[in-house]
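An overview of the molecular structure
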Amino acid sequence: MRYLRFDPADCGFPQPRVPVLPGFSRHSIQLKPSGPLSLHSSGANTRHFTRGRYALTQAYRLSGVGPQGALIAPAYHCRTMLDPAIRLGANVALYAVNPDLSPNMDSLAASVNATFPPAKALLIPHYFGFAQNLAPLAAFCAQHGLALIEDCSHAFVGPNEDTRQEKGAIGTTGRFCVSSPYKFFLSQDGGLLWTCEAAIPQDFKTAQAGLRREIKGLAPILQKKFSRVPLPDINGLKDEVRALASAPIKMGHDIKEQSDNTSTQYVLAEEKMQSLTSSRWIFRHTDCTSLVSRRRQNYLVWLDGIAKLPFCRALYPKLSADCVPYMFPLQLDHPEIHFYALKRLGVPIWRWDDMAVSGCPVATDFRLRLIHLPCHQALSSEQMAWMIAAVTQVMLQNPDGRGS
């Protein structure tokens, strides 16, 4: 496959001043049951992994993806969505997405008709924790004999034993579902595979982490407790942004790659490794009610903070009642200017700029234009205020360098 990968080596970006994922705080972990989410469960329909990407490998394999069966995946993606299929020796066809990241159904139909060997599975991600409408996709998969695989890596969900859960909710429709709970908890790892249709074959085994790996996994958690980066004075942001605007931009550059191998993010030795015991303990002892409430609150704070800013807009300006957001996705009109300024300030930005080349205009555009900002439960009011102030000052700078 052909890829475009952004190389920031020449940019001189500093370490983020705020953690992208939950750090150690009084909101990160509390000694109380996690509630109805069965993120720590293990049974005939569930398997634990160290990362969601390895859960995807088994979901693809069990769906027939491999040399004799292709995968249909979204054009807007993280490389770790494709790596498992490549690991299995499968062809991957990319379908186009709409501006709200829903699947383009015409593109899906074209992908099925053009795929050789015939496609066996369709991957659908619930981007940023916002639920996709799965009813038409389930009907599409039934019509074409495809296994629907839900990528819930951005969703706060696991195999739920509450039979009252409404069918059609995230994680209840796909033949197989995967999630990455470590993105929501103060844990070093965590991936889940479950099936909504039948038990996972009993001959599939995962390996427990040894004592050395368990001990090694605790060290980064403790480091998070003691490595808080002090924030600069908000009042100095305006001058800092002006200084950045007057200095030459050290541009990164795109690297074109042709590869039939997995990315460096796929570690073969971890493929059948279970998550750490400490990670599952954290899943069981985190106050999920508080986690959900704080993430939703921080997302709304972001919406309010950027509502009147020029040159940017929220991808999802409304937060549905059942959404637990993973990140706050923000579209930039001029990423060639504003992305660099935000990164140089130390704003914790993530984006998918290492992506397979496709004919999808939305994916091509969002690769550099759509940034992911943290809204996790461990963020303090001071950190939220600083990030919003930094984004505000950067966006008030016109692309020609003059203040608006």
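Relevant structure appears above.
Residues numbered from 1 in each chain as written. Predicted model: local features only at pLDDT ≥ 70, side-chain atom pairs only at ≥ 80, totals over all residues. Heavy atoms only, no water.

What about the sheet that holds strand β8 (residues 191-195)?
- Reading across the sheet, the 7 strands line up as β2-β8-β7-β6-β5-β3-β4 and stay open at both edges, with mixed pairing between neighbours. Every interior strand has two partners, whereas the edge strands, β2 (46-49) and β4 (92-95), have only one. In this sheet, adjacent strand axes meet at a mean angle of 20° when their direction is disregarded.
- Of the pairings in the sheet, the one linking strand β7 (residues 176-179) to β8 comprises 4 bridges and is antiparallel in character. Within β8, the position partnered with C177 by the bridge is W194.
- The strands touched by helix α4 (residues 135-144) are β5 (119-125) and β6 (147-151); relative to β5, the strand with the most contacts, the crossing angle is about 175°. (Pairing = 2+ DSSP bridges. Helix = DSSP H or I, 4+ residues; strand = E, 2+ residues; numbered from the N terminus. Axes fitted to C-alpha atoms, helices over the stretch in contact; angles between N-to-C directions. Contact = heavy atoms within 4.5 Å.)

A short note on the pairing of strand β3 (residues 70-74)
- Where burial is concerned, most of β3 is hidden: 5 out of the 5 residues are buried.
- Burial of the side chains of β3 extends over both faces: A70, I72 and P74 are buried on one face and L71 and A73 on the other.
- In this sheet, β5 lies alongside β3 in parallel orientation, the contact comprising 3 bridges. Within β5, the position partnered with A70 by the bridge is A119.
- Looking at chain direction, β3 and β4 are connected through 4 bridges and run parallel. Its bridge partner lying in β4, L71 is registered against V92.
- You can see the chain leave β3, run along helix α2 (residues 79-87) and come back into β4, and the turn it takes is right-handed. (Buried < 20%, exposed > 50% of the residue type's maximum accessible area, 1.4 Å probe, protein only. Right-handed = clockwise from strand over helix to strand, strands pointing away.)

Observations concerning the sheet that holds strand β13 (residues 370-374)
- Spatially, β10-β11-β13 is the arrangement adopted by the 3 strands of the open sheet, whose pairing is antiparallel. Two strands in the sheet have a free side with no partner beyond their single neighbour: β10 (312-314) and β13. Averaged over neighbouring strand pairs, the angle between their axes works out to 35° when direction is ignored.
- Where β10 and strand β11 (residues 327-332) come together, 3 bridges link them in antiparallel fashion. Paired with A314 across the two strands is L330, which belongs to β11.
- Along the sheet, helix α8 (residues 288-306) makes contact with β10, β11 and β13, crossing β11 at roughly 20°.

Thoughts on the pattern of salt bridges
- Using the criterion set out here, one finds 10 salt bridges in the structure.
- Here D254 ties to R367 by a salt bridge, and the two come within 2.7 Å at their closest N and O atoms. With D254 in strand β9 (residues 253-258) and R367 in helix α10 (residues 361-369), this pair connects stretches of sequence that are 113 residues apart.
- Look at R367 and you get buried, because its relative accessible area is 6%.
- Its salt-bridge partner being R351, residue D353 comes within 2.9 Å of it at the nearest N-O pair. Across this residue pair, the class does not change: D353 and R351 are buried. (Salt bridge = Lys/Arg side-chain N within 4 Å of Asp/Glu carboxyl O.)

Digging into the side chain of R367
- Separated by 2.7 Å, the side chains of R367 and D254 make a polar contact.
- Ignoring sequence-local partners within four residues, the contact set of R367 consists of L4, R5, F6, Y76, D254, R351, W352, D353 and M355. (Polar contact = N/O pair within 3.5 Å; in protein donor to acceptor, adjacent residues only side chain to side chain.)

Focus on the nonpolar core
- If you look at the biggest cluster of nonpolar residues, it comprises 109 residues, and the most contacted ones within it are Y76, L122, F128 and W302.
- Sequence-distant contacts of Y76, defined by excluding residues within four places in its chain, comprise V97, L101, Y127, F128, W352, M355, A363, F366, R367, L370 and H372.
- Counting 7 residues, the second largest nonpolar core, distinct from the first, contains V157, C177, L192 and W194. (Core = buried A, V, L, I, M, F, W, Y, C linked by side-chain atoms within 4.5 Å.)

Details of helix α3 (residues 105-114)
- Of the positions making up α3, those classed as buried are S107, L108, S111 and V112. Angular distribution of buried residues about the axis of α3 spans 140°; they occupy a single face of the element. Looking at α3, the residues exposed on the side facing more than 90 degrees away from the buried face are D106, N113 and A114.
- Those residues of α3 that are buried lie in contact with β3, β4, β5 and α4.
- Taking the backbone nitrogen of D106 as reference, a side-chain oxygen 3.1 Å away marks N104 as the first, capping residue of α3. (Arc of directions from axis to C-beta.)

Observations concerning the packing of helix α6 (residues 237-246) against helix α9 (residues 335-345)
- Axis separation between α6 and α9 bottoms out at 10 Å; the angle between their running directions is 125°. Classified by the angle between their axes, α6 and α9 sit oblique to one another. Where α6 crosses over α9, the handedness of that crossing is right-handed. Along its contact with α6, which presents L237, E240, V241 and L244, the element α9 presents A341, R344 and L345.
- Here the residues of the contact of α6 with α9 sort into 5 nonpolar, no polar and 2 charged. (Parallel < 35°, antiparallel > 145°, perpendicular 65-115°, else oblique. Left-handed = near helix turned anticlockwise from the far one by under 90°. Nonpolar A, V, L, I, M, F, W, Y, C, P; charged D, E, K, R; others polar.)

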